[in-house]
Amino acid sequence: MKKYAAGLVLLALSNSAFALEYCKGTIKTLVTRDNYQATYVTLNTASGESGEAKVGGFVKYSDNEKIQVQMLLDAYMNGKKVNLELDTTGRYFGSCTDFESGIPVRYVGLGFN
(Lines give C-alpha, C1' and ligand atoms only; values in the text may rest on other atoms or scores of the structure.)
Protein backbone atom coordinates (compact mmCIF):
# COMPACT_ATOMS: atom_id res chain seq x y z
CA MET A 1 0.00 0.00 0.00
CA LYS A 2 2.89 2.38 0.77
CA LYS A 3 4.32 1.84 -2.74
CA TYR A 4 0.92 2.67 -4.24
CA ALA A 5 0.59 5.86 -2.17
CA ALA A 6 4.15 6.93 -3.04
CA GLY A 7 3.40 6.38 -6.72
CA LEU A 8 0.31 8.60 -6.52
CA VAL A 9 2.30 11.36 -4.80
CA LEU A 10 5.00 11.23 -7.50
CA LEU A 11 2.36 11.30 -10.24
CA ALA A 12 0.68 14.34 -8.68
CA LEU A 13 4.01 16.15 -8.34
CA SER A 14 5.04 15.40 -11.92
CA ASN A 15 1.75 16.77 -13.30
CA SER A 16 1.91 19.97 -11.28
CA ALA A 17 5.59 20.63 -12.01
CA PHE A 18 4.95 21.54 -15.65
CA ALA A 19 2.14 23.95 -16.61
CA LEU A 20 1.12 24.78 -20.18
CA GLU A 21 -1.48 27.23 -21.49
CA TYR A 22 -2.60 27.99 -25.05
CA CYS A 23 -3.40 31.34 -26.67
CA LYS A 24 -4.67 31.92 -30.21
CA GLY A 25 -4.98 35.06 -32.31
CA THR A 26 -3.36 37.29 -34.89
CA ILE A 27 -0.05 38.94 -34.08
CA LYS A 28 -0.32 42.52 -32.82
CA THR A 29 3.36 43.20 -32.12
CA LEU A 30 6.57 41.33 -32.85
CA VAL A 31 9.88 42.64 -31.48
CA THR A 32 13.08 40.79 -32.38
CA ARG A 33 16.48 41.50 -30.92
CA ASP A 34 19.92 40.08 -31.70
CA ASN A 35 20.95 36.41 -31.35
CA TYR A 36 21.53 36.64 -27.60
CA GLN A 37 18.20 38.16 -26.63
CA ALA A 38 14.60 37.19 -27.19
CA THR A 39 11.78 37.84 -29.63
CA TYR A 40 8.62 39.15 -27.95
CA VAL A 41 5.11 38.69 -29.35
CA THR A 42 1.65 39.95 -28.39
CA LEU A 43 -1.58 38.68 -29.94
CA ASN A 44 -4.98 40.08 -30.78
CA THR A 45 -7.15 37.40 -29.15
CA ALA A 46 -10.93 37.05 -29.03
CA SER A 47 -10.77 38.57 -25.51
CA GLY A 48 -8.41 41.45 -26.34
CA GLU A 49 -4.67 42.04 -26.45
CA SER A 50 -2.55 39.26 -24.98
CA GLY A 51 0.35 39.62 -22.63
CA GLU A 52 3.90 39.58 -24.00
CA ALA A 53 5.35 36.11 -24.60
CA LYS A 54 8.92 35.39 -25.68
CA VAL A 55 10.87 33.07 -27.96
CA GLY A 56 14.49 32.47 -26.96
CA GLY A 57 16.59 34.51 -24.62
CA PHE A 58 19.78 34.27 -22.57
CA VAL A 59 21.64 32.15 -25.13
CA LYS A 60 21.96 32.07 -28.91
CA TYR A 61 18.73 31.08 -30.69
CA SER A 62 18.39 27.36 -31.27
CA ASP A 63 17.44 26.13 -34.74
CA ASN A 64 13.92 25.49 -33.48
CA GLU A 65 13.61 29.01 -32.04
CA LYS A 66 14.78 30.47 -35.38
CA ILE A 67 12.00 28.53 -37.12
CA GLN A 68 9.47 29.77 -34.55
CA VAL A 69 10.51 33.39 -35.19
CA GLN A 70 10.23 32.82 -38.96
CA MET A 71 6.75 31.32 -38.49
CA LEU A 72 5.66 34.28 -36.36
CA LEU A 73 6.97 36.75 -38.94
CA ASP A 74 5.21 34.89 -41.77
CA ALA A 75 1.94 34.89 -39.82
CA TYR A 76 2.31 38.60 -39.05
CA MET A 77 3.04 39.53 -42.66
CA ASN A 78 0.05 37.49 -43.92
CA GLY A 79 -2.46 38.28 -41.15
CA LYS A 80 -2.74 34.60 -40.18
CA LYS A 81 -3.79 33.29 -36.78
CA VAL A 82 -1.22 31.54 -34.62
CA ASN A 83 -1.63 29.19 -31.69
CA LEU A 84 1.00 29.57 -28.97
CA GLU A 85 1.77 27.00 -26.29
CA LEU A 86 3.14 28.87 -23.27
CA ASP A 87 5.26 27.40 -20.48
CA THR A 88 3.61 28.96 -17.43
CA THR A 89 5.49 26.86 -14.89
CA GLY A 90 6.13 29.03 -11.83
CA ARG A 91 4.67 32.13 -13.52
CA TYR A 92 1.44 34.08 -13.16
CA PHE A 93 -1.19 33.20 -15.80
CA GLY A 94 -4.78 34.40 -15.36
CA SER A 95 -5.85 34.24 -19.02
CA CYS A 96 -4.45 34.97 -22.48
CA THR A 97 -5.01 38.67 -21.81
CA ASP A 98 -3.67 38.58 -18.24
CA PHE A 99 -0.28 36.94 -17.74
CA GLU A 100 3.25 37.73 -16.62
CA SER A 101 5.38 39.40 -19.31
CA GLY A 102 8.04 37.18 -20.86
CA ILE A 103 6.37 33.77 -20.53
CA PRO A 104 8.31 31.40 -22.82
CA VAL A 105 6.72 30.10 -26.02
CA ARG A 106 7.19 26.33 -26.40
CA TYR A 107 5.17 25.82 -29.57
CA VAL A 108 4.02 27.95 -32.52
CA GLY A 109 1.20 26.56 -34.64
CA LEU A 110 -0.25 27.94 -37.87
CA GLY A 111 -3.42 26.97 -39.71
CA PHE A 112 -5.73 27.03 -36.70
CA ASN A 113 -9.09 28.76 -37.20
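Residues numbered from 1 in each chain as written. Predicted model: local features only at pLDDT ≥ 70, side-chain atom pairs only at ≥ 80, totals over all residues. Heavy atoms only, no water.

## Some details on the side chain of K54
Right, so step 1: Position of K54 among the secondary structure elements: in strand β4 (residues 53-56).
Right, so step 2: It turns out K54 is buried and unbridged, and the closest side chain with the opposite charge, E65, is 8.4 Å from it.
Right, so step 3: Those residues in contact with K54 that lie beyond four places of it in its chain are A38, T39, Y40, G102, I103, P104 and V105. (Helix = DSSP H or I, 4+ residues; strand = E, 2+ residues; numbered from the N terminus. Buried < 20%, exposed > 50% of the residue type's maximum accessible area, 1.4 Å probe, protein only. Lys, Arg positive; Asp, Glu negative; His and termini not counted. Salt bridge = Lys/Arg side-chain N within 4 Å of Asp/Glu carboxyl O. Contact = heavy atoms within 4.5 Å.)

## Some details on the packing of aromatic side chains
Right, so step 1: Counted under the stated rule, the structure contains one aromatic pair.
Right, so step 2: With centroids separated by 5.5 Å and ring planes inclined at 15°, the aromatic side chains of F93 and F99 adopt a geometry described as stacked. Taken as a pair, F93 and F99 share a single burial class, namely buried. (Phe/Tyr/Trp six-rings, centres within 6.5 Å; stacked < 30°, edge-to-face > 60°.)

## Remarks on the state of the cysteines
Cysteine pairs can be covalently joined through their sulfur atoms, and such a bond is termed a disulfide.
Right, so step 1: This structure, assessed with the given rule, holds one disulfide.
Right, so step 2: A sulfur-sulfur separation of 2.2 Å characterises the disulfide bridge that pairs C23 with C96. With the S-S dihedral at roughly -100°, the linkage between C23 and C96 falls on the left-handed side. Here C23, found in strand β1 (residues 20-32), pairs with C96, found in the loop between β6 (93-95) and β7 (98-99); they are 73 residues apart in sequence, far enough to count as distant. As far as the burial class goes, C23 and C96 line up, both buried. (Disulfide = S-S within 2.5 Å.)

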